[in-house]
Amino acid sequence: MDWTTPPTDAAAHFTHRLAVETDVSDVHAALESGRPGFVLLDSRSAESWGQGHVPGAVHLPGREIADRAAELDRSVPVVTYCWGPGCNGATRAALTLATLGFRVREMIGGFEYWAREGLPVETADGVARPAIDPLTAPAGISCGC
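Scope of this entry: the structure provided in the associated data block.

About the thresholds
- Residues numbered from 1 in each chain as written.
- Predicted model: local features only at pLDDT ≥ 70, side-chain atom pairs only at ≥ 80, totals over all residues.
- Heavy atoms only, no water.
- Phe/Tyr/Trp six-rings, centres within 6.5 Å; stacked < 30°, edge-to-face > 60°.
- Helix = DSSP H or I, 4+ residues; strand = E, 2+ residues; numbered from the N terminus.
- Buried < 20%, exposed > 50% of the residue type's maximum accessible area, 1.4 Å probe, protein only.
- Salt bridge = Lys/Arg side-chain N within 4 Å of Asp/Glu carboxyl O.
- Pairing = 2+ DSSP bridges.
- Contact = heavy atoms within 4.5 Å.
- Axes fitted to C-alpha atoms, helices over the stretch in contact; angles between N-to-C directions.

### Notes on the packing of aromatic side chains
Each aromatic ring pair is summarised here by two numbers: the centre-to-centre distance and the angle between the ring planes. Inspection of the entire model under this criterion finds two aromatic pairs. Ring geometry for Tyr81 versus Phe111: centroids 6.4 Å apart, planes at 20°, classification stacked. Here Phe111 lies in helix α6 (residues 110–116) and Tyr81 lies in strand β4 (residues 78–81), a separation of 30 residues in the sequence. With relative accessibility at 0%, the residue Tyr81 sits in the buried group. Exposure remark for Phe111: the relative accessible area of 7% places this residue in the buried category. Geometrically, the ring pair formed by Trp83 and Phe111 is edge-to-face, given 6.0 Å between the ring centres and 70° between the ring planes. One end of the pair, Trp83, is in the loop between β4 and α5 (89–99); the other, Phe111, is in helix α6, with 28 residues separating them in the sequence.

### Description of the pattern of salt bridges
A complete count under the given rule lists six salt bridges for this structure. Arg17 serves as the salt-bridge partner of Glu21, at 3.3 Å between the closest nitrogen and oxygen. Between Arg68 and Glu71 there is a salt bridge; the shortest N-O distance is 2.8 Å. Salt bridges sharing partners connect three or more residues here, namely Glu64, Arg68 and Glu71.

### A look at the sheet that holds strand β2 (residues 39–42)
By way of backbone hydrogen bonds, the strands of a sheet pair with one another, either parallel or antiparallel. In spatial order, the strands read β1-β5-β4-β2-β3; together these five strands make up an open sheet with parallel pairing. Each edge of the open sheet carries a strand with a single partner, namely β1 (21–23) and β3 (58–59). Pairing of β2 with β3 involves two bridges; the strand directions are parallel. In the strand pairing of β3, Asp42 is matched with His59. Contacts between helix α2 (residues 24–32) and the sheet are confined to β1, β2, β4 and β5 (104–108), with β1 contributing the most and set at about 75° to the helix. Each of β2, β4 and β5 is contacted by α5, which is oriented at about 150° to β4, the strand it contacts most.

Given below as structure tokens:
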């Protein structure tokens, strides 16, 4: 392991990440407030969207963003999400939107961690909360961040 990175470089890197990323807990809290200040964009396929999505999210598949970005209000920031940490679809969606002039952040953890934390999931049958995965949201304790 190389430990030669100066602390100032590390601080700049992590400061930048916090400027362009958010997490499922912060997105959920903002949505629950009723005034999130952003539009949440699901960049997954129609089939994935149909399996479940964040209530209130806008569906715009990643491959269609460049052609359909005009459907979004450029004055409203966008938070993108895709499947989860093993997928870079939300990153690609955020990059496309940023190059088109949108203010954008990526929701780290994606839909996977949204559902694993037991947050509301919408399907054609309505909105339900999946069981909480104790590995991602241990019952009765907080990570303290």
